[in-house]
Amino acid sequence: MTRSSQFVYTPHMQPQQNTSSNNSGFWRLMSRLKSYKKNVILAILSNVLMAIFTVISIPMIAPFFDILFSQEVVAVPKPTDNNLPDNLDYFFSQLVINYTPQKALLIVIAAILVVFFFKNLFRYLALFFMAPVRNGIIYDLRKQIFEKYIDLPLSFYSTEKKGDLMNRMTSDVQEIEWSILNTIEAIFKAPLIIIGSLTFMILTSPQLTLFVIVLIVFTAFIIGGISKTLKRSSSEVQTRLGRISSILEETLGGLRIIKGFNAQAYQSEKLEKDNSEYRNILTRLLWRRDLSSPLSEFLGIVVVSALLWYGSALVFEKALSPELFFAFIFAFFQVIEPAKSFSSAYYNIQKGLAAVDRVDNLLNTPNPIVDPERPLTDISFNSAINFDDVSFQYDHADTQALDQVDITINKGEVVALVGSSGAGKSTFVDLLPRFFDVTSGAITIDGNDIRSFTLHDLRSLFGIVSQEAILFNDTIKNNILFGATATDAEIEEAARIANVAEFVNVMPDKYESNIGDRGMKLSGGQRQRLTIARAVLRNPPIMILDEATSALDSESELLVQDALEKLMKNRTTVVIAHRLSTIRNADKIVVLDKGKIVEMGSHEQLMALNGEYNKFVEMQTFD
Ligand code: ADP
């Protein structure tokens, strides 16, 4: 029994969390604050102090009116209880008796200035401490999303839209910053001011306070109704925006073809549908959202009018002194702002939580292709790669892309995969570095299941040269290095082997030259040789080649072919072959059809069979 057949593979998947409820979205976001404890505490402290100074400022308005309105000085007896209005009255009369009214006024104004200075100082400090928290959370989110994107298996990307994925990291993250973090600030600040002001109001006149509260609850009820649909609409807006980004992506990438086929109108029409839907949904969303502010202002003035009417009645009945009524109104205005920010926070959070849900859903997407819990550490390749009865089926596909494939690839062999398009050649090579995991059967290296190594160890065995040259907007040097470390001499040696040196040496900046977006500044053949240099530098024991089908001019073709041959020398190679010369030189030719191996052997053996392979050779096409 080989080690592979005993091997039980148990990937430790991340749990898929339930992200459906609003509440949990909110708490998940709040839990992100944990890493910023110090700043959050300082911000809360500043907010508490700000609220305290706000509340202190309220009764300070009273003596001002008291002094101004009552021209003659009346000595008020010292009250015996804790009644706030009586105590304030006594305090003011003492102030005016001990100083002149003008001086008393100056003292009151100076005190007001001091209190407001501190109130605003702490207001600023609260924001000051919150800024790194807001941006820190955004930083964390971007980082996590990016790392998730890099980590997720290729299968994830065949079902997702690129533009949508890009939005997750741009507009969704922005949405979280704007709507949710503003909310967090509102939560820490508003309640303290509301409670402080309300306490003052109740101490001044419980009757009037009750009257005001009833009015406020009534208006809040009306406004609350509007926000219900906001979350759903915002989700739709993001989906549309994702589609628009996808179309833009595709269009910018395919401009040459779009123009060449006169397909501008067709492409514009594609955009039109999503763009106009986006406009309509967003307009409805804005109508609803923008209604909240004018509506609340008008309802606010209704409340104030009622307050003025009822309060004046209390003053006329001598149930309330005029200056305390002024202080009461001032306290009431102090409540309005935080109450408003509280209710707008409620709208915003509906919109923002939709974004939190989308981001969390992404971050919680399980990745089935992970390292084993106890990986084998001694990875090396000494004898053979084995496919043991390997079958593979893509998600949502109804047929097997590979069907009971059995093959041994011995060390040092060149294996050429041949077959018509869709036969399973790409799937075959994608299973080796575990871009996908086999559905059944096993792939082993020297008898060990490839799933028993870490992905990093396993992938370091392979060098990949794909059909399409994947290059990045960077220098020649960095495109060859691509994260590896090597000396300049090693880079130049790899470049020489891959026939890159010739064209790099005539460039003005040599290896430091930038090659443009996806290597735009290079020719097709140069791009291919550059990707070969990248594989040469890593010097992996196994090469996976997908020969380019696109035609190059014969000189380029020769240089690329020469580079590939040097790359394959002394290495085990699996090549998706399109050229007869490559195939003839292979040690083993594997003919695939509908996921099954139909013929296998050397060129001579297969020619003698006079079967499928023979047909390919006669047609002179291997795809
Ligand atoms: P080849 O490389 O020989 O052209 P592939 O290995 O790409 O063939 O494809 C084998 C089969 O799997 C085809 O029928 C193809 O349609 C299907 N297939 C390839 N990729 C996917 C995918 N991501 N999702 C579903 N089916 C796929």
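Within each chain, residues carry numbers counting from 1 in the order of the written sequence. Note on the predicted model: pLDDT of at least 70 is required for a residue's local features to be given, and 80 or more for side-chain atom pairs to be given and counted; whole-chain, interface and lining totals, by contrast, use all residues. With hydrogens and water stripped out, all remaining heavy atoms of the structure feed into the side-chain values.

**Quick notes on the overall build of the protein**
Note the cut-off: Put simply, DSSP marks the helices as runs of H or I at least four residues long and the strands as runs of E at least two long, and each gets a number from the N terminus on. Residue burial is assigned from relative accessible area. The probe radius is 1.4 Å, only protein chains are included, and a residue is buried under 20% of its type maximum, exposed over 50%, and partly exposed in between. Contacts are assigned to residue pairs that have any heavy atoms within 4.5 Å of one another. All accessible-area figures derive from a Shrake-Rupley calculation using a 1.4 Å probe, and residue coverage is judged against the displayed protein chains alone.
Each helix and strand in the protein was counted, giving 22 helices and ten strands. The burial tally for the protein puts 47% of its 623 residues in the buried class. Here the analysis covers contacts within the protein between residues at least 6 apart in sequence; of these, 77% occur between residues at least 24 apart. With an accessible surface of roughly 32600 Å², the protein has 59% of that area assigned to carbon and sulfur atoms.

**Looking at the site of the ligand**
Defined as follows: Near residues are defined by distance, with any heavy atom within 4 Å of the molecule or strand qualifying the residue. Polar contacts, as counted here, are pairs of nitrogen or oxygen atoms within 3.5 Å of one another; within protein the pair requires one atom able to donate a hydrogen and one able to accept it, and residues that are adjacent in sequence qualify only if both atoms are side-chain atoms. Gly is placed with the polar residues, together with every amino acid not listed as nonpolar (Ala, Val, Leu, Ile, Met, Phe, Trp, Tyr, Cys and Pro) or charged (Asp, Glu, Lys and Arg).
Around the ligand, the neighbouring residues are Ser-158, Tyr-394, Ala-401, Ser-420, Ser-421, Gly-422, Ala-423, Gly-424, Lys-425, Ser-426 and Thr-427. Lys-425 is positioned with one of its backbone polar atoms (N or O) 2.9 Å from an oxygen atom of the ligand. Contact with the protein chains hides 61% of the accessible area of the ligand, taken as 560 Å² for the molecule alone. The residue inventory of the shell around the ligand, partitioned by class, reads three nonpolar, seven polar and one charged.

**Things to note about the pattern of salt bridges**
How we decide: The salt bridge criterion pairs a side-chain nitrogen of Lys or Arg with a carboxyl oxygen of Asp or Glu, the two atoms within 4 Å.
This structure, assessed with the given rule, holds 13 salt bridges. Residue Arg-358 is joined to Asp-172 by a salt bridge in which the shortest nitrogen-to-oxygen separation is 2.8 Å. You can see Arg-358 sitting in helix α12 (residues 322-363) and its partner Asp-172 sitting in helix α7 (residues 162-204), a full 186 residues away along the chain. In this pair, the class of Arg-358 matches that of Asp-172, namely buried. A salt bridge links Arg-451 to Asp-449; the shortest N-O distance between them is 3.0 Å. Residues Arg-451 and Asp-449 agree in their burial class; the two are buried. The network of salt bridges with shared partners includes Asp-164, Arg-168, Asp-172 and Arg-358.

**Considering the nonpolar core**
As a reminder of what qualifies: Here, the term nonpolar core denotes a set of buried Ala, Val, Leu, Ile, Met, Phe, Trp, Tyr and Cys residues that are joined through side-chain atoms within 4.5 Å.
If you look at the biggest cluster of nonpolar residues, it comprises 45 residues, and the most contacted ones within it are Ile-476, Ile-480, Ile-532 and Leu-567. Examining the composition of this core, we find that six residues originate from one element, helix α18 (residues 524-538), more than from any other. Contacts of Ile-532, omitting those with residues within four sequence positions, involve Val-465, Ala-498, Val-560, Ala-563, Leu-564 and Leu-567. Counting 32 residues, the second largest nonpolar core, distinct from the first, contains Val-390, Ile-407, Val-429 and Ile-443.

**Here's the deal with the packing of aromatic side chains**
Geometrically, a pair of aromatic rings is defined through the distance of the ring centres and the angle of the planes. Selection criterion: Side-chain rings of Phe, Tyr and Trp, where Trp is taken by its six-membered ring, are said to pair if the distance between their centres is within 6.5 Å; with planes under 30 degrees apart they count as stacked, over 60 as edge-to-face, and otherwise as tilted. Criterion for a charge above a ring: Lys NZ or Arg CZ within 6 Å of the ring centre, and within 35 degrees of the ring normal.
Scanning the entire structure with this criterion turns up 16 aromatic pairs. A centroid spacing of 5.9 Å and a plane angle of 15° characterise the contact between Phe-53 and Phe-122, whose relative ring orientation is stacked. Of this pair, Phe-53 sits in helix α3 (residues 37-69) while Phe-122 sits in helix α5 (residues 101-151); the two residues are 69 residues apart in sequence, bridging distant segments of the chain. As far as burial versus exposure is concerned, Phe-53 and Phe-122 are alike and both buried. Centre to centre, the rings of Phe-156 and Tyr-157 are 5.0 Å apart; their planes meet at 85°, and the pair counts as edge-to-face. Tyr-157 sits in the partly exposed class, given a relative accessible area of 28%. By way of ring pairs, the aromatic residues Phe-53, Phe-117, Phe-118 and Phe-122 are connected into one cluster. Over the aromatic face of Phe-482 sits the side chain of Arg-534, whose NZ or CZ is 4.9 Å from the ring centroid.

**Points about the confidence of the model for the protein**
A low pLDDT means the predicted coordinates there should not be read in detail. Using the following cut-off: Known as pLDDT, the predictor's confidence for each residue is given on a scale from 0 to 100.
For the protein, per-residue confidence averages 80 on the pLDDT scale, and residues scoring 70 or more make up 88% of the total. At the low end of the mean pLDDT range in the protein sits helix α1 (residues 3-6), at 41; at the high end sits helix α13 (residues 425-431), at 91.

**Some words on the pairing of strand β7 (residues 542-546)**
For clarity, the threshold we go by: Pairing between strands is defined by DSSP: at least two bridges between them are needed.
When you tally the buried positions in β7, you get five out of five residues, the bulk of the element. Across the two faces of β7 the burial is the same, with Ile-542, Ile-544 and Asp-546 and Met-543 and Leu-545 all buried. Pairing between strand β6 (residues 462-465) and β7: four bridges, direction parallel. Residue pairing across strands places Phe-462 opposite Ile-542, the latter belonging to β7. Pairing of β7 with strand β8 (residues 572-576), which is carried by five bridges, proceeds in the parallel orientation. By the bridge assignment for β8, Ile-544 is matched with Val-574.

**Here's the deal with the sheet that holds strand β1 (residues 384-392)**
Pairing within the open sheet is antiparallel, and its four strands lie in the order β2-β1-β4-β5. Since the sheet does not close on itself, it has two edges, and those belong to β2 (402-410) and β5 (448-449), each with one partner. The pairing of β1 with strand β4 (residues 440-445) spans five bridges and is antiparallel. Its bridge partner being in β4, Asp-388 is matched across the sheet by Ala-442.

**Considerations on the sheet that holds strand β3 (residues 414-418)**
What counts is decided by this rule: Geometry is summarised by axes, namely lines fitted to C-alpha atoms with helices restricted to the contacting stretch, and by angles between N-to-C directions that run from 0 to 180 degrees.
Taken together, six strands build an open sheet; the order of strands is β6-β7-β8-β3-β9-β10 and the sheet is mixed. With partners counted over all chains shown, the strands left at the sheet margins are β6 and β10 (596-601), one partner each. Averaged over neighbouring strand pairs, the angle between their axes works out to 20° when direction is ignored. Pairing of β3 with β8 involves four bridges; the strand directions are parallel.

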